Amino acid sequence: MSEDVVADFTGRFFRNHGESPGTPTSGRIIMTKRRLVLATNDDKTTIPLSTVIDVNVGNVPSHVKQFFDDTVTIGYNDDGQTRSAVIESTGETVDTFVAILFRCLLNGRKAAVKHPARVGGRVKDTPVVPGKIRIKNRRIEVTTKRETFSFDVETVMRIQRSNKLGESADRVTLVVKYIDTDTDAGLTTTSLISPAKSQYVNLLGRFLRLEFDELREEVADIELTNPEKRVLVGIHATGGDIDFTNMLDGDPAYVTNVLNSVQNKDLVLENASGLSLTSKGRIIVSERIEDVNA
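This is a predicted model, so every value here is computed, not measured. (Residues numbered from 1 in each chain as written. Predicted model: local features only at pLDDT ≥ 70, side-chain atom pairs only at ≥ 80, totals over all residues. Heavy atoms only, no water.)

Attention shifts here to the sheet that holds strand 6 (residues 71–78). If you walk across this open sheet you meet the 7 strands as 4-3-2-1-7-6-5, and the pairing is antiparallel. Lying at the two open borders of the sheet, with one neighbouring strand each, are strand 4 (44–48) and strand 5 (52–57). Averaged over all pairs of adjacent strands, the angle between their axes in this sheet comes to 30°, without regard to strand direction. (Pairing = 2+ DSSP bridges. Helix = DSSP H or I, 4+ residues; strand = E, 2+ residues; numbered from the N terminus. Axes fitted to C-alpha atoms, helices over the stretch in contact; angles between N-to-C directions.)

Right under this line is the structure:
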């Protein structure tokens, strides 16, 4: 293979080509920036990355679920038919492979962007301009001729799809609302990102959701004291404008320790406008609200 190899490891895989369900096959998984190859001693399957339409981690087709543990399922188009390949290896190897796969799929993709479309509650009259996408770990970066803007997955508050960008009424678009940590004000910013092909809208959305699901798993392992829970609920309810000494019935030194603790756990962010919840903090309040209110 003359192309530079970006991933090469051994594992098991199952290829759904429409025939009767079989069993996983052991072999090598080789990837370049253009294609993915699943090779055994007897044959190989080549999947051009340009045909990939979905990437899913952990969810396996029901007829082969019994055979797999740490997996990634790749959906792709093959002569007008939707096919899938399930790949299994060690958890760490799968995680690394998925990260490289998304970079190969998304880096350098052209997109129409409107940034910012909204800052706080104000709609901005920003022109739609061409740009290019790049992902770096949990960070999305978009470069245009005018500027480069970026946001971390941890700061994302909402992801939606829209069918309009600028003058086009059928341009599938990701509407991403996030906290702008590049400014001291900590205002929310909404950006519209519309890759040139709809499959890349799906893949960019999938990347953001997979990273957000990983955040949820990390949040599940965070232990909180009752005072810390009360602080999170208080910030959520008041936007950070609250007398924490009153709330915690403690002296200033004790209150400072509690606030430092939730900040060290990456649950609270301090900026010029006060305290606000990070993405992890918002997940805890929204998904463990009964526990937080206990």
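A separate point is the pairing of strand 8 (residues 110–119). Pairing between strand 8 and strand 10 (residues 129–136): 4 bridges, direction antiparallel. Looking across to strand 10, one finds that Ala112 is bridged to Pro130. The pairing of strand 8 with strand 15 (residues 188–195) spans 6 bridges and is classified as antiparallel. Of the residues in strand 15, the one forming a bridge with Val119 is Thr189. Bridge count between strand 8 and strand 9 (residues 122–123): 2 bridges; the pairing is antiparallel.

Moving on to the packing of helix 2 (residues 198–220) against helix 6 (residues 279–287). Interaxial distance between helix 2 and helix 6 falls to 10 Å at its minimum, and their mutual angle equals 70°. Of the possible angle classes, the one that applies to helix 2 and helix 6 is roughly perpendicular. In this structure, helix 2 contributes Phe212, Leu215, Arg216, Glu218 and Val219 to the contact, and helix 6 contributes Ser279, Lys280, Ile283, Ile284 and Glu287. Split by residue class, the contact of helix 2 with helix 6 holds 5 nonpolar, 1 polar and 4 charged. (Parallel < 35°, antiparallel > 145°, perpendicular 65-115°, else oblique. Contact = heavy atoms within 4.5 Å. Nonpolar A, V, L, I, M, F, W, Y, C, P; charged D, E, K, R; others polar.)

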